Amino acid sequence: MSQPIKMKPRLVDKIEYWLPKVVMSPTVFLTMVFIYGFIIWTSVLSFTKSRILPVYDFVGFQQYVKLFMNDRWMLALKNLAIFGILFIVICLFVGLLLAILLDQKIRAEGFIRTVYLYPMALSFIVTGTVWKWLLNPTVGLERFVQSLGFESFSFDWLVNPDMAIYTIVIAGVWQSSGFVMALFLAGLRGVDNSIIKAAQIDGAGMVTIYTRIIIPSLRPVFFSAIIMLAHIAIKSFDLIVALTGGGPGNSTDVPAIFMYQFSFTRSQMGVGAASAVVMLMGIIAILIPFLYSELRATKNA
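Small disclaimer: the values here were computed from a predicted structure and weren't measured.

(A) Main features of the packing of helix 3 (residues 71–102) against helix 12 (residues 255–264). For the pair helix 3 and helix 12, the least separation of the axes is 8 Å and the interaxial angle reads 150 degrees. Taken together, the axis directions place helix 3 and helix 12 in an arrangement best described as roughly antiparallel. In contact with Arg72, Trp73, Ala76, Leu77 and Leu80 of helix 3, helix 12 contributes Pro255, Phe258, Gln261 and Phe262. Each residue belonging to the contact of helix 3 with helix 12 can be placed in one class, and the counts come to seven nonpolar, one polar and one charged.

And the structure:
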C-alpha cells in the first residue's frame, strides 16, 4: 500500500497559528506581572514590618493582629457592611422595578433606557463631585428648598457623622441601578412567553405571574447582579474620596481608604498590605460561588 503523502504546513497556516499567540503574549505577560505579580508582592509585604519602604523582615501574622486591633479598621468594616448591604438591596429593588416597567413595551423605551443607563457611563469621581454639590447644605438641595420658602427644611447628611455613610449609598445607587436594570431587562426578555400565556389562560394576573413565575426564573440574574454589586462595594474608593473624603472625621471610612492612607500617607505599609489582602480575600469569597455556579451550569449543559 502506498504511504500517504505528508503535506508541509504552508506559511499562511503557520502565521494563522502563531499570530494570535504573538498578539496576546504581551497582554498575558503584563497581566501576570502587574496584576498577579503585585498581588503576590503585597501578600508578602503583609507578613513583614514594612513602614515607609518595603523591608523583608518577616514578623508572621503580627500586621494582621495590629489590623484587627485597630478601631479605625473595625469602623471601616462596619461602614462597608452598612454601605454594601444597603447598596446591593436598593440597587436590586430599583433595578428590578425599572426593568419590569420597561418590560411593558412602553413608548420611547430606548430613550428611557438610555437615561437610566447614562449614570453608569460616568466615573465615580464625577458622581461623587456632583452629589457633593447637590447635598452641600449651603449651596445644594437644602439651600434650594429653603429658597422656595421652606425655611425649616434641613438635609445635612453630608456633614452629619451619623448620616454621612447614607449619602454614599444614595450616590452609589443612582449610578449603578441603571446597570442592574439592564441585566434584569435582558433576563425578562429571555423568559419563555408560552409559560406566561399559559398562566394567563389559567386566570393568573400580572402580579401573580411576575411574583410566582417570572421573578423566580431570574435567579441567575439576581446572583450575577449581587456578585457585581458586592465587588463594586468592596472596592469603593473614588466615590467616597470625591463625596466625603472619608469624613466627617472617619465616619465614612471604608477598607479601601484605610488601605490607601495607611500604606501611603501614614507610613505603615505592612498594615496597609494586610488590609489589602483581607479585601482580596473578601472578593475571592464572593467570586468562588459565582465561578462554581458557572462551571456547574456549563457542565450540566
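The discussion continues.
(B) The arrangement of the side chain of glutamate 142 in detail. Position of glutamate 142 among the secondary structure elements: in helix 6 (residues 141–147). Of the side chains bearing the opposite charge, arginine 143 lies closest to the buried glutamate 142, which forms no salt bridge; the N-O distance is 8.1 Å.

(C) Focus on the nonpolar core. Core analysis: the largest hydrophobic core is formed by 43 residues, its most contacted members being Phe87 and Phe184. Breaking this core down by element, the ones donating at least two residues are helix 3, helix 5 (124–134), helix 7 (164–189), helix 8 (193–201), helix 9 (206–217), helix 10 (219–235) and helix 11 (238–243). When neighbours within four sequence positions are excluded, phenylalanine 87 is seen to be in contact with Val169, Gly172, Val173, Ser176, Leu229, Ile232 and Ala233. The next biggest cluster of nonpolar side chains, apart from the first, holds eight residues, and it includes Tyr64, Trp73, Phe258 and Ala274.

(D) Spatial organisation of the pattern of salt bridges. Counted by the stated rule, this structure contains three salt bridges. For arginine 189, the salt bridge is made with aspartate 103, and the minimal N-O distance between the two is 2.9 Å. Here aspartate 103 lies in the loop between helix 3 and helix 4 (109–121) and arginine 189 lies in helix 7, a separation of 86 residues in the sequence. For arginine 189, a relative accessible area of 38% puts it in the partly exposed group. Aspartate 103 sits in the buried class, given a relative accessible area of 13%.

(E) Region of interest: the packing of aromatic side chains. Throughout the structure, instances matching the rule amount to 15 aromatic pairs. Plain terms: the ring middles of phenylalanine 47 and phenylalanine 61 are 5.3 Å apart, the flat faces sit at 85 degrees to each other, and that makes the pair edge-to-face. Residue phenylalanine 47 is found in the loop between helix 1 (11–45) and helix 2 (62–68), and its partner phenylalanine 61 is found in the loop between helix 1 and helix 2; the two are separated by 14 residues along the sequence. Its relative accessible area of 60% is what places phenylalanine 61 among the exposed residues. For the pair phenylalanine 258 and phenylalanine 262, a centre-to-centre distance of 4.1 Å together with 20 degrees between the ring planes defines the contact as stacked. Of this pair, phenylalanine 258 and phenylalanine 262 both sit in helix 12, four residues apart, which is roughly one turn of that helix. A network of ring pairs unites the aromatic residues Phe68, Trp73, Phe258 and Phe262 as a single cluster.

Scoring rules and cut-offs
Residues numbered from 1 in each chain as written. Predicted model: local features only at pLDDT ≥ 70, side-chain atom pairs only at ≥ 80, totals over all residues. Heavy atoms only, no water. Axes fitted to C-alpha atoms, helices over the stretch in contact; angles between N-to-C directions. Helix = DSSP H or I, 4+ residues; strand = E, 2+ residues; numbered from the N terminus. Parallel < 35°, antiparallel > 145°, perpendicular 65-115°, else oblique. Contact = heavy atoms within 4.5 Å. Nonpolar A, V, L, I, M, F, W, Y, C, P; charged D, E, K, R; others polar. Buried < 20%, exposed > 50% of the residue type's maximum accessible area, 1.4 Å probe, protein only. Lys, Arg positive; Asp, Glu negative; His and termini not counted. Salt bridge = Lys/Arg side-chain N within 4 Å of Asp/Glu carboxyl O. Core = buried A, V, L, I, M, F, W, Y, C linked by side-chain atoms within 4.5 Å. Phe/Tyr/Trp six-rings, centres within 6.5 Å; stacked < 30°, edge-to-face > 60°.

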